[in-house]
Amino acid sequence: MKHWHIEEISWDKFDASRLDPEIVPLVKAAAMVERNAADYVTYLTRVFADDPDFSAAAEHWGVEETQHGDALGRWGMLADPGWDFAAAFARYRAGYRIQLDAEASIRGSRTGELIARCMVETGTSSYYTALGEATEEPVLKQVCRLIAADEYRHFKLFYDHMRRYLARENLSFVKRLRVALGRIGETEDDELAFAFHSANEPADMPYDHERCTTAYMGRAIGFYQFRHIERGMGMIFKSIGLQPRGRVSDMAAKASWRLLQWRRDRYRLALAKVANENATRLARAA
Ligand SMILES: [Fe+2]
Ligand SMILES: [Fe+2]
């Protein structure tokens, strides 16, 4: 059973006058990644082929993630009636695929795989909380709240299975830390950048990783507040077996907040530069 159904959302309350144009492209991009969950289910059920409990949980998880994609995509079409969610998603599928032929986890162990999943759910749980709090548009607020609650449940799901495997595999702290940091570092890989491209750029425009990462991150980072980072840091700490609340987690949260602000400013400068160049080009052409 899903915790909610897409038809329960008050779609008729959509209010175009309360749209933030910076949020729309982010929601469209997120719809791509979420809607693509079926491939992760295939991958996870292969990696955990002899674990029927986990495989069943992964199937169910995939159904919820797919619904996230459908809800975000539907909202994207309300916000921009000219946008074709299905066509954008087809472009995403055509250009981005995860590795499916794995017999074992690409993270080196099952514990590692589940820690990586915890990192992803920490990220999505914080992100939708931040977006939901930032937007004034009532339907997006509702969608983000429902999704954020699912993402937190997903975190707990993967965390519980991770504890089970940790007892068996005994993965060292250093290895757990390495997997966690590695997965966080992948935020700037192609998955999100290409999703931004497929969802927002013209079909005949060639994909450029740098440009799309800047476009995505330059907007996304600005919606976070310190409390989101603080909570996310607690979840990261918990996943690798450290005290989720305390002096160390507090220091780490403050340090990553500063780093995030620095990166936000850098991305914004790059975004402004691109906007300037485009304006100059248009002025010259006129
Ligand atoms: Fe999701
Ligand atoms: Fe999730």
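Computed from a predicted model, the values in this text were never measured in an experiment.

## Regarding the coordination of the iron ion (ligand 2)
Only Glu65 (OE), Glu121 (OE), Glu121 (OE), Glu151 (OE) and His154 (ND1) from the protein reach the iron ion (ligand 2) as donors, at distances of 1.9 to 2.8 Å. In terms of primary sequence, the donors binding the iron ion (ligand 2) are separated according to E-x55-E-x29-E-x2-H. The distance between the iron ion (ligand 2) and the iron ion (ligand 1) comes to 3.7 Å, with Glu65 serving as a donor to both metals. Remark: His154 occurs in helix α6 (residues 138-169) and Glu65 occurs in helix α3 (residues 52-79); sequence separation between them is 89 residues. His154 carries the same exposure label as Glu65, and that label is buried.

## Quick look at the environment of Asp250
Position of Asp250 among the secondary structure elements: in helix α11 (residues 247-285). Judged by relative accessible area, which is 29%, Asp250 ranks as partly exposed. Taking the C-alpha atoms as reference points, Asp250 and Asp101, 149 residues apart in sequence, are found 40 Å from one another.

## Details of the coordination of the iron ion (ligand 1)
At 1.9 to 2.6 Å from the iron ion (ligand 1) lie its protein donor atoms, namely Glu34 (OE), Glu34 (OE), Glu65 (OE), His68 (ND1) and Glu151 (OE). Given a relative accessible area of 0%, His68 falls into the buried group.

## Some details on the nonpolar core
The biggest cluster of nonpolar side chains holds 80 residues, and the ones touching the most others in it are Met32, Trp75 and Tyr216. The leading source of residues in this core is α6, at twelve residues. Setting aside residues up to four positions removed in sequence, Met32 forms contacts with Trp83, Phe85, Ala88, Phe89, Tyr92, Ala195, Ser198 and Ala199.

Definitions and limits used
- Residues numbered from 1 in each chain as written.
- Chains lettered and ligands numbered in written order.
- Predicted model: local features only at pLDDT ≥ 70, side-chain atom pairs only at ≥ 80, totals over all residues.
- Heavy atoms only, no water.
- Donors = N, O, S within 2.8 Å, 3.2 Å for Na, K, Ca; no water.
- Helix = DSSP H or I, 4+ residues; strand = E, 2+ residues; numbered from the N terminus.
- Buried < 20%, exposed > 50% of the residue type's maximum accessible area, 1.4 Å probe, protein only.
- Core = buried A, V, L, I, M, F, W, Y, C linked by side-chain atoms within 4.5 Å.
- Contact = heavy atoms within 4.5 Å.

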